[in-house]
Amino acid sequence: MSQSFRRQLVYTIKDRCRVCYTCLRECPVKAIKIINGQAEVINDRCIGCGNCVKVCSQGAKISLRSVDEVFQLLHSGEQIAACIAPSFPAEFTDITDYKILVGMIRKLGFTYVNEVAFGADVVAEEYEKRIKSSGYIGDISSDCPAVTYFIRHYHPELVSLLAPIASPMVAMTRILHKKHGNHLKVVFIGPCFAKKAESGEVDEVITYRELREMFYIRNIQPQEVEPSGFDPPYSGRGAIFPVTRGLYQTANYREDIPEEKVVIADGRINFKEAVKEFEEGFIRNKHLELLCCEGCIMGPGTSPGGRKYARTAAIGEYVREKLNNLDQDGWQADMAEYRNIDLSQNFSPEDRRFTIPDEDTILEVLETMGKFSAKDHLNCGACGYDSCVEHAIAIVKGLAETEMCLPYTIEKLHDSIENLNISNDKLASAKQALKQSEKLAHMGQLSAGIAHELNNPLGVITMYSNILMDEAKEEDPVREDLQIIVEQAARCKKIVSGLLNFARKNQVNYTETDVVKFTEHSINSIIKPDNISINFTHNIDEPVTKLDIEQMMQVLTNLEKNAVEAMPNGGELKIRVEGDQDEIVFKITDTGTGIPKENMDKLFTPFFTTKEIGKGTGLGLPLIYGIVKMHKGKIQVTSNADLRKGATGTTFKITIPRVRNTEQ
Ligand code: ADP
Ligand code: MG
């Protein structure tokens, strides 16, 4: 008998899922979809192994709960048998005597309490017959429902090689129906989730953990129940079934199945590997004994934190005692009565394999995760998939997201941090520039005010001193004094006009000019000592642009003069003009003394000078600043005055945007 896997066996509690991908990593069939940062089980692809529930540290995966249905059944007045799986001694180690456990189950209201292990005895004999029959070509055990779902969904070609034998649970159900009649309801109690979807012949399936919950709800305490034995038929060696090699050992109690006829594999990785080798023809004429868990004793329906070897030992002890006390004749009689019941089981293929997307599509997805060649495929498994290609396929199928790739996400994060740092730096320098321009704006206002006030009286002084000069006789001694007044007044006027420039009170008078020729001209118009070499270069496709040539000439000559003055012992003055369709860049570099760090933000302050009185006015750079601002340009200064940090020198970079005709 076969049936579709319809019941949703595992659910996700969304608030708890922290998307660590552990469930996906542990899922042997990748039946987990990561969507919007949530890991959801895809029921169609699930084989019910319960690994995801076992490994989720957040308790975000929960299994189908059947406790309420069983309570309902117990209230129905029907005859109900509890069939407990042979792994129970491994689970209930806290209950000293199995008879107490049986008493507790009876107290819940079950009519009978049976051991599935007798079903295992009957099934094991069937396997033994099959393996020893002539023409035996090898097959796969079908007692683990997760394994049968795995074969049916993912290796449908092997379905015909699944042993067509009912599981011990189903065999026991049929035996009990034969013994008590078909009206009997059967509730299976075991370590397994997949059993909940295995067979329609069993009325309900609960796990050991659910059984504990039922005891808790009904407040059934071990010390308060009447110890009681199982109901017949009693089991023999079938009780060893739940540990690895169980069915083989159960079948082989007379030790006449040679070991080399059986290949045993358990656990989520091993069983898959064994199926693969079997399918590829490396294992021939052998019986493949497969368990999805590491023995049923470690099933997902057992209490968490169980120790495998302690549990194996508990089963061993139980079986030894059982076999010591076994009524051999009674057991033989039961076997004689039930070994001929129908033990057949059919399995049908239900192919759930993906069609693999074409290579180009996979490559495209890989590229979105920054994987351009095989060396970028780290196959680190952090995403939950075994390889980058598998991850990419899952993305194409809508089951995964690119963000699951840890190396890619880390790289993206690094980029973001870098971008943030860059923005931060930009912000800091913008802040600095703002502070500077605010300061200069205030000074500009003040200077403009003073300059304006001084301009007129200075004009009057110049005019009257010139008149007096004209009127004075050649030999008049006053004439010399008047000459000084005229000169100093002219100097004051120069300073005042510098201040006015700084305060941006002037207009820009745009004229079309060839900046290369213009710059050359600026170099020619300054005085260059012999110990300074000039290096003029340019790289500009369209040198003709619009500038206020008078003002820009002041900018260039002032910068060039400053550079020359910074190289009293000689050096190199480099001037470069670059540009594109948007802007013109002038770079004036010297190998001079450099500007000490502490002077950097004073440079554009009027009257700041380090030169001796009479030589420097400290108005050159403020003037440049005003002119460049009027051209909507910017000034950048880089300088090193510390020999320990390398060659000293300074570069002033002036960037002037090209003006379109409409902007003038
Ligand atoms: P001045 O040249 O009259 O001193 P500036 O405004 O042109 O006034 O320059 C102000 C100060 O900036 C100078 O005194 C000097 O200390 C410094 N400076 C300007 N350009 C350079 C340069 N190329 N190398 C070193 N220091 C410079
Ligand atoms: Mg100067």
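The structure presented is a predicted model; accordingly, all values stated were derived computationally and were not measured.

K.L.:
Can you help me understand the sheet that holds strand β8 (residues 185-190) in this one?
P.N.:
Pairing between the strands of a sheet is mediated by backbone hydrogen bonds and can be parallel or antiparallel. An order of β6-β5-β8-β9 is seen for the four strands of this open sheet, with the pairing classed as parallel. At either end of the open sheet lies a strand with only one pairing partner, and these are β6 (112-115) and β9 (204-207). Put simply, the sheet's adjacent strands are angled 25 degrees from each other on average, direction ignored.

K.L.:
I'm lost on the side chain of D121 in this one. Help?
P.N.:
By secondary structure assignment, the location of D121 is in helix α6 (residues 117-132). An unpaired buried charge is present at D121: no salt bridge exists, and K322, the closest side chain of opposite charge, is 7.3 Å distant. Within the structure, D121 has its side chain in polar contact with the backbone nitrogen of G236 (distance 2.5 Å).

K.L.:
Just to check I follow, could you spell out helix α19 (residues 549-565) for this structure?
P.N.:
Three or four residues apart is the spacing at which side chains of an α-helix point the same way, because the helix has 3.6 residues per turn. Its 17 residues place the ends of α19 24 Å apart at the C-alpha level, agreeing with the 24 Å of an ideal helix rising 1.5 Å per residue. Among the residues of α19, Q551, M552, M553, V555, L556, T557, N558, L559, E560, A563 and V564 are the ones counted as buried.

K.L.:
I'm lost on empty space enclosed by the protein in this one. Help?
P.N.:
Counting across every chain of the model gives seven cavities of 30 Å³ or more. In this structure, the largest cavity spans a volume of roughly 280 Å³. In terms of lining residues, the largest cavity is bounded by 26 residues, among which P145, P191, C192, K195 and C296 are the most central. At the level of secondary structure, the elements contributing two or more residues to the lining of the largest cavity comprise α7 (145-154) and α8 (168-180). In terms of residue class, the lining of the largest cavity is built from 20 nonpolar, four polar and two charged.

K.L.:
Help me understand the pairing of strand β2 (residues 32-35) in this model?
P.N.:
Consecutive residues of a regular strand have side chains that alternate between opposite faces of the sheet. A one-sided burial pattern is seen for β2, the buried positions being I32 and I34 and the unburied ones K33 and I35. By the bridge criterion, four bridges tie β2 to strand β3 (residues 38-41) in an arrangement that is antiparallel. From the neighbouring strand, I32 faces β3, where its bridge partner is V41. Linking two consecutive strands that pair antiparallel, namely β2 and β3, is a turn of two residues; a positive phi of about 50 degrees is found at N36 within it.

K.L.:
Just to check I follow, could you spell out the site of ligand 1 for this structure?
P.N.:
In the vicinity of ligand 1, 19 residues are found, and the nearest of them are N562, T609, T610, K611 and L621. The separation between an oxygen atom of ligand 1 and a polar side-chain atom of T610 is 2.4 Å. L621 is positioned with one of its backbone polar atoms (N or O) 2.8 Å from an oxygen atom of ligand 1. Relative to its unbound accessible surface of 530 Å², ligand 1 loses 93% to contact with the protein. Among the cavities detected, the one that contains ligand 1 is the largest pocket. Looking at the shell around ligand 1, the elements that each hand over two or more residues are α19, α20 (620-630) and β18 (649-657). No other element matches the three residues that α20 contributes to the shell around ligand 1. For the shell around ligand 1, a count of residues per class yields eight nonpolar, nine polar and two charged.

K.L.:
Where do I start with the environment of F271 in this structure?
P.N.:
Structurally, F271 is set in helix α11 (residues 270-279). Since its relative accessible area comes to 0%, F271 is described here as buried. Sequence separation of F271 and P349 is 78 residues, and the distance between their C-alpha atoms is 19 Å. Not counting residues up to four positions away in its chain, the partners in contact with F271 are P28, I47, V147, F150, A265, D266, L290, L291 and C292.

K.L.:
Where do I start with the confidence of the model for the protein chain in this structure?
P.N.:
Predicted coordinates in areas of low pLDDT are best not read in detail. Confidence along the protein chain averages 90 in pLDDT terms, with 95% of residues attaining 70 or more. In this model residues 1-5 is a low-confidence stretch, pLDDT under 50, and it forms 26 contacts with partners more than four residues away in sequence or in other chains.

K.L.:
Got a minute to help me understand the nonpolar core in this structure?
P.N.:
The tendency in soluble globular proteins is for nonpolar side chains to be buried as a group. I84, I105, L108, F110, I189 and L211 are the most contacted members of the largest nonpolar core, which has 68 residues in total. Ranked by residue count, the leading element in this core is α8, at six residues. Residues in contact with F110, not counting those within four places in the same chain, are V70, L74, I80, A81, A82, I105 and V187. Listed in part, the 63 residues of the second largest apolar core include Y21, V147, A197 and M369.

K.L.:
How do you make sense of the packing of aromatic side chains when you look at a structure like this?
P.N.:
The description of two aromatic rings rests on the distance between their centres and on the angle between their planes. In total, this model carries nine aromatic pairs according to the counting rule given. Taken together, a centroid distance of 5.1 Å and an interplanar angle of 75 degrees make the contact between F88 and Y318 edge-to-face. Of this pair, F88 sits in helix α4 (residues 88-91) while Y318 sits in helix α12 (residues 308-324), and the two are 230 residues apart along the sequence. Classification of Y318 as buried rests on a relative accessible area of 11%. Centre to centre, the rings of Y98 and Y318 are 5.4 Å apart; their planes meet at 80 degrees, and the pair counts as edge-to-face. Taken together, the residues span a long stretch of sequence, with Y98 in helix α5 (residues 98-107) and Y318 in helix α12 at a distance of 220 residues. Under the relative-accessibility criterion, Y98 is labelled partly exposed at 28%. By way of ring pairs, the aromatic residues F88, Y98, F230 and Y318 are connected into one cluster. One cation-aromatic arrangement involves R45 over F354; the distance from NZ or CZ to the ring centre is 4.0 Å.

The rules behind each value
- Residues numbered from 1 in each chain as written.
- Chains lettered and ligands numbered in written order.
- Predicted model: local features only at pLDDT ≥ 70, side-chain atom pairs only at ≥ 80, totals over all residues.
- Heavy atoms only, no water.
- Pairing = 2+ DSSP bridges.
- Helix = DSSP H or I, 4+ residues; strand = E, 2+ residues; numbered from the N terminus.
- Axes fitted to C-alpha atoms, helices over the stretch in contact; angles between N-to-C directions.
- Buried < 20%, exposed > 50% of the residue type's maximum accessible area, 1.4 Å probe, protein only.
- Lys, Arg positive; Asp, Glu negative; His and termini not counted.
- Salt bridge = Lys/Arg side-chain N within 4 Å of Asp/Glu carboxyl O.
- Polar contact = N/O pair within 3.5 Å; in protein donor to acceptor, adjacent residues only side chain to side chain.
- Expected span 1.5 Å × (residues − 1).
- 1 Å grid on protein atoms, 1.4 Å probe; cavity = no way out; pocket = protein on both sides within 12 Å on 5 of 7 lines; lining within 4 Å.
- Points joined across faces, edges and corners; volume = space filled by probe spheres on them.
- Nonpolar A, V, L, I, M, F, W, Y, C, P; charged D, E, K, R; others polar.
- Near = heavy atom within 4 Å.
- Areas by Shrake-Rupley, 256 points an atom, 1.4 Å probe, with all protein chains shown as cover.
- Sits in = over half its atoms within 2 Å of the grid points.
- Contact = heavy atoms within 4.5 Å.
- pLDDT = per-residue confidence, 0-100.
- Core = buried A, V, L, I, M, F, W, Y, C linked by side-chain atoms within 4.5 Å.
- Phe/Tyr/Trp six-rings, centres within 6.5 Å; stacked < 30°, edge-to-face > 60°.
- Lys NZ or Arg CZ within 6 Å of the ring centre and 35° of its normal.

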